[in-house]
Amino acid sequence: ISEFLKKREHAGGVDAHDPHILISLQGHLFDSGLINQVLDVMEHLDCHFEFKKCIVKRKVEGVPEKSDVLLRVSAKDKDVLDKVNSKLQALVDLIVAAE
């Protein structure tokens, strides 16, 4: 498996020295569709992302619990990461259902 991952990272142009940020999201990420849009932003800006933590909680008495995600996002330069940050903040502000 590790050999496969090495080949995949090399093919994707991922370099451990590329600038990166950690993005923490808590809320109704899946029910609201926010997580899909977050990943679309990163893909559109040609970023590499890795889930460091993803905790999806069950509904309690029919009420959905908030999920918790930590993403490591890397790009070839810091300006791209700044764009990611601003676009994600705008998304979070727009999608009220994500809380």
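Refer to the preceding data block for the structure.
Residues numbered from 1 in each chain as written. Predicted model: local features only at pLDDT ≥ 70, side-chain atom pairs only at ≥ 80, totals over all residues. Heavy atoms only, no water.

**Quick word on helix H2 (residues 34-44)**
No. 1: When we look at burial in H2, the residues that qualify are Leu34, Ile35, Val38, Leu39, Val41 and Met42. One side of H2 holds all its buried residues, which, seen down the axis, span an arc of 150 degrees. More than 90 degrees from the buried face of H2, the exposed residues found are Glu43 and His44.
No. 2: Positioned one or two residues after H2, Asp46 has a phi angle of 60 degrees, which is positive. (Buried < 20%, exposed > 50% of the residue type's maximum accessible area, 1.4 Å probe, protein only. Helix = DSSP H or I, 4+ residues; strand = E, 2+ residues; numbered from the N terminus. Arc of directions from axis to C-beta.)

**Here we look at the sheet that holds strand E1 (residues 20-27)**
No. 1: With respect to topology, three strands assemble into an open sheet ordered E1-E3-E2, the strand pairing being antiparallel. For this open sheet the edge positions go to E1 and strand E2 (48-55), each flanked by a neighbour on one side alone. Taken pair by pair, the neighbouring strands of this sheet meet at an average axis angle of 20 degrees, ignoring direction.
No. 2: In this structure, E1 lies alongside strand E3 (residues 67-74), joined through eight bridges in antiparallel fashion. (Pairing = 2+ DSSP bridges. Axes fitted to C-alpha atoms, helices over the stretch in contact; angles between N-to-C directions.)

**Some details on the packing of H2 against helix H3 (residues 78-94)**
No. 1: At a minimum axis distance of 10 Å, the contact between H2 and H3 shows a crossing angle of 160 degrees. When the interaxial angle is binned, H2 and H3 end up roughly antiparallel. In the crossing of H2 with H3, the sense of the turn from one axis to the other is right-handed. Where H2 approaches H3, its residues Leu34, Gln37, Val38, Val41 and Met42 are matched on the opposing element by Val84, Lys87, Leu88, Leu91 and Val92.
No. 2: Taken together, the residues of the contact of H2 with H3 break down into eight nonpolar, one polar and one charged. (Parallel < 35°, antiparallel > 145°, perpendicular 65-115°, else oblique. Left-handed = near helix turned anticlockwise from the far one by under 90°. Contact = heavy atoms within 4.5 Å. Nonpolar A, V, L, I, M, F, W, Y, C, P; charged D, E, K, R; others polar.)

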